[in-house]
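Residue-level structural notes
Next come the chains, spelled out residue by residue.
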There are 2 protein chains.
Amino acid sequence: MSAECSGPPIGALLARSSHAFNAAVGEALAREGMTLRAFLLLEAAAGGPRSQQSLAADIGLDKTTMVAAVDDLVAHGLVERRSAPADRRVRLVTVTGDGDRVRQRCREVVAATEAELLDELGAQGRAELRGLLLRLLHGRLGASGRSGSCV
Amino acid sequence: MSAECSGPPIGALLARSSHAFNAAVGEALAREGMTLRAFLLLEAAAGGPRSQQSLAADIGLDKTTMVAAVDDLVAHGLVERRSAPADRRVRLVTVTGDGDRVRQRCREVVAATEAELLDELGAQGRAELRGLLLRLLHGRLGASGRSGSCV
DNA sequence: TATTGTTATACTCTATAACTATA
DNA sequence: TATAGTTATAGAGTATAACAATA
């Protein structure tokens, strides 16, 4: 038996922290007329033209919900659907110039929001937290099938 | 501008970690015939007989959803509803003997699951992570109205 | 009149099934 | 036959509104 120390379970602390982070980032993005999910999708699409299913698997969405998510970005002119020449069944989601500008601005907004929330930890604390979470995710936590929306 | 270092945003790491934690703990509790939410409610009720609204505010549920949540625990004989003598509008949720036994077992299951997931961090890493998250939650993160289900 | 608990209802989100067009 | 995308539909989960009992 490992000497588990006192205090609330870490899972509860993680849940509260994550929830508060998502709420703060979501509010900041809402002021830009964006959604956290839409931003994540935009980021994923910016990695290069990819099929909707590939994006869906990446973000942890269903292919059916991905349709509406892409529809939304298309309606705002941030991405375009293009038929892939090699396989005309797949629709490559490509980021437009406007989309990239919005994405850059949202990146800054998200980074600023996170920086403010992480301020009390100091540079060293932030690095430690990042390192610990990465170790956690590369351990048993990442081993289990960790698909899921997380959003 | 603070020197924000490289890597994925910490919010994303927190979200993935929290999601994986909840999934693992949820699976472990499911093997005991329990739900994460039901366990949290049972834990809150074990703090002493309290009104449903008080419990709802604590867990971050709506009072209307709390009704069904308590109904579920009552159906399993883990808690009882008793009218408060002082104010007969409120129903005090009290944990039964069976409820307390189930709660103790679930506490052990949750602790064991978390311990396994946190194993790679070592005792020192676990303490560091706990400390960092507590500092985070006592800072700006906890300052904002942080109500919400988190479950 | 205000508040606790409850019910009924509507709304949001997501997944399942069925369809199309390609392969 | 199998796959990418789409649509329609059903389900879970949640919140809003209205009601009962009590203060």
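Residues numbered from 1 in each chain as written. Chains lettered and ligands numbered in written order. Predicted model: local features only at pLDDT ≥ 70, side-chain atom pairs only at ≥ 80, totals over all residues. Heavy atoms only, no water.

Here we come to the relation of the copies chain B and chain A. Superposition record for chain B on chain A: RMSD 0.1 Å, screw rotation 180°, translation along axis 0.0 Å. Those values place the two copies in the arrangement expected of a two-fold rotation axis. The overlap is high: 100% of the interface residues of chain B also sit at the interface in chain A, so the same surface is used on both sides. (Least-squares fit on C-alpha atoms with pLDDT ≥ 70 in both. Contact = heavy atoms within 4.5 Å.)

This part is about the protein's contact with DNA strand D. Near DNA strand D, the surroundings consist of 17 residues, among which Gln 52, Gln 53, Arg 81 and Arg 89 of chain A together with Arg 37 of chain B are the closest. Counting only atoms of DNA strand D within 4 Å of the protein, the fraction found in sugar and phosphate groups is 68%. The contact in question runs from a phosphate oxygen of DNA strand D to an N or O atom on the backbone of Arg 91 of chain A, over 3.1 Å. Within the side chain of Thr 64 of chain B, an N or O atom sits 3.5 Å from a base oxygen of DNA strand D. Ranked by residues supplied to the surface near DNA strand D, first place goes to helix α4 (residues 63-75) of chain A with 3 residues. Looking at side-chain class alone, the surface near DNA strand D contains 2 nonpolar, 6 polar and 9 charged residues. (Near = heavy atom within 4 Å. Polar contact = N/O pair within 3.5 Å; in protein donor to acceptor, adjacent residues only side chain to side chain. Helix = DSSP H or I, 4+ residues; strand = E, 2+ residues; numbered from the N terminus. Nonpolar A, V, L, I, M, F, W, Y, C, P; charged D, E, K, R; others polar.)

The next point concerns the protein's contact with DNA strand C. Around DNA strand C, 17 residues are found, and the nearest of them are Arg 37 and Arg 89 of chain A together with Gln 52, Gln 53 and Arg 89 of chain B. Sugar and phosphate atoms represent 63% of those atoms of DNA strand C found within 4 Å of the protein. Within the contact set of DNA strand C, a phosphate oxygen lies 3.2 Å away from a backbone nitrogen or oxygen of Arg 88 of chain A. Elements supplying a minimum of two residues to the surface near DNA strand C: α4 of chain A together with α3 (52-59) and α4 (63-75) of chain B. In terms of residue count, α4 of chain B provides more of the surface near DNA strand C than any other element does, 3 residues in total. Residue composition of the surface near DNA strand C, grouped by class: 2 nonpolar, 6 polar and 9 charged.

Before going further, it helps to examine the side chain of Thr 96 of chain A. Residue and element names in this part refer to chain A. Looking at where Thr 96 falls in the secondary structure, it is placed in the loop between β2 (91-95) and α5 (97-117). You can call Thr 96 buried: its relative accessible area is 16%. A polar contact is formed between the side chain of Thr 96 and the backbone oxygen of Gly 77, at a distance of 2.7 Å. If sequence neighbours within four positions are ignored, Thr 96 has contacts with Gly 77, Leu 78, Val 79 and Glu 80. (Buried < 20%, exposed > 50% of the residue type's maximum accessible area, 1.4 Å probe, protein only.)

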